[in-house]
Amino acid sequence: MITFYFFGTAVEKSVGGIKLVEMYLISGLVASFGYIGFRNLLNLMYGAEALGPAVGASGAVVAMVGITAMLYPTAEVLLYFIIPMKIKTAVYLFAGIEGINLIAKALNYQLPIIGLFASSAHLAGLAIGLYYGKKLQNKYSQRTSLLGPNY
C-alpha cells in the first residue's frame, strides 16, 4: 500500500479523489478477472486446481503506477528507494519481470521468489492503468506536474 500512497497521490492530484477511487475499484476488478482467467487457463492446460475469486488489490495498485507513468512520463522514481530511474523504465522492467513469470507459469514452472506473485493480476492491472492513463493524458495534460503549475 506504500506504492498506492505514492502513485495514488500523484494520480489524485490530476483527477481528484472520487475519480481515483472509481479507477482503483475498476482496476481491481479487471486484475481479478485477469488472475481468474489465467488460473482457469492453467487448469485447462495442466489440470491444476483452479483458484477461486481474487481480491485484486495488488493489480489495482499496479494500475496506479501505469496511470502515473502516462500522466507524468518524465517523472523519476527510486527502485527499492535507492536506484533512480525514469518511470517509463521502471514500468518496462516491471512488465518484463511479470511477463517472464507468467510465461514460466504457463510452462508449468515456478520461479524462485517471484513465482508466488500473481503476475496475471499485475499485468492486467498495468494494462488497465496504461489504458486509463492514455485516456487521461489529453484531458489532464495541463495539470501533470507533480510539483505544481510552475515546474
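Quick look at the structure, then. (Residues numbered from 1 in each chain as written. Predicted model: local features only at pLDDT ≥ 70, side-chain atom pairs only at ≥ 80, totals over all residues. Heavy atoms only, no water.)

## Focus: the pairing of strand 1 (residues 76-79)
Here four bridges tie strand 1 to strand 2 (residues 83-86), and the two strands are oriented antiparallel to one another. Looking at the pairing, Val 77 lines up with Met 85 of strand 2. (Pairing = 2+ DSSP bridges. Helix = DSSP H or I, 4+ residues; strand = E, 2+ residues; numbered from the N terminus.)

## Quick look at the environment of Ile 87
Along the chain, Ile 87 turns up in helix 4 (residues 87-106). Distance in space between the C-alpha atoms of Ile 87 and Thr 74 is 7.0 Å, their sequence separation being 13 residues.

## A word on the nonpolar core
If you look at the biggest cluster of nonpolar residues, it comprises 26 residues, and the most contacted ones within it are Val 11, Met 23, Met 64, Ile 67 and Ile 87. Taken together, the elements giving at least two residues each to this core come down to helix 1 (2-15), helix 2 (17-46), helix 3 (57-71), helix 4 and helix 5 (119-140). Top contributing element to this core by residue count: helix 3, with nine residues. (Core = buried A, V, L, I, M, F, W, Y, C linked by side-chain atoms within 4.5 Å. Buried < 20%, exposed > 50% of the residue type's maximum accessible area, 1.4 Å probe, protein only.)

## Remarks on a nonpolar patch on the surface
Together, Ile 2, Tyr 5, Phe 6, Leu 79, Tyr 80, Phe 81, Ile 82, Ile 83 and Leu 93 make up a nonpolar patch on the protein surface, roughly 1000 Å² of accessible area in all. A per-element tally of the nonpolar patch places helix 1 first, with three residues. Relative to the assigned elements, Leu 93 resides in helix 4. (Patch = residues over 30% accessible without salt bridge, like charges linked within 9 Å, V, L, I, M, F, W, Y side chains within 5 Å. Areas by Shrake-Rupley, 256 points an atom, 1.4 Å probe, with all protein chains shown as cover. Salt bridge = Lys/Arg side-chain N within 4 Å of Asp/Glu carboxyl O.)

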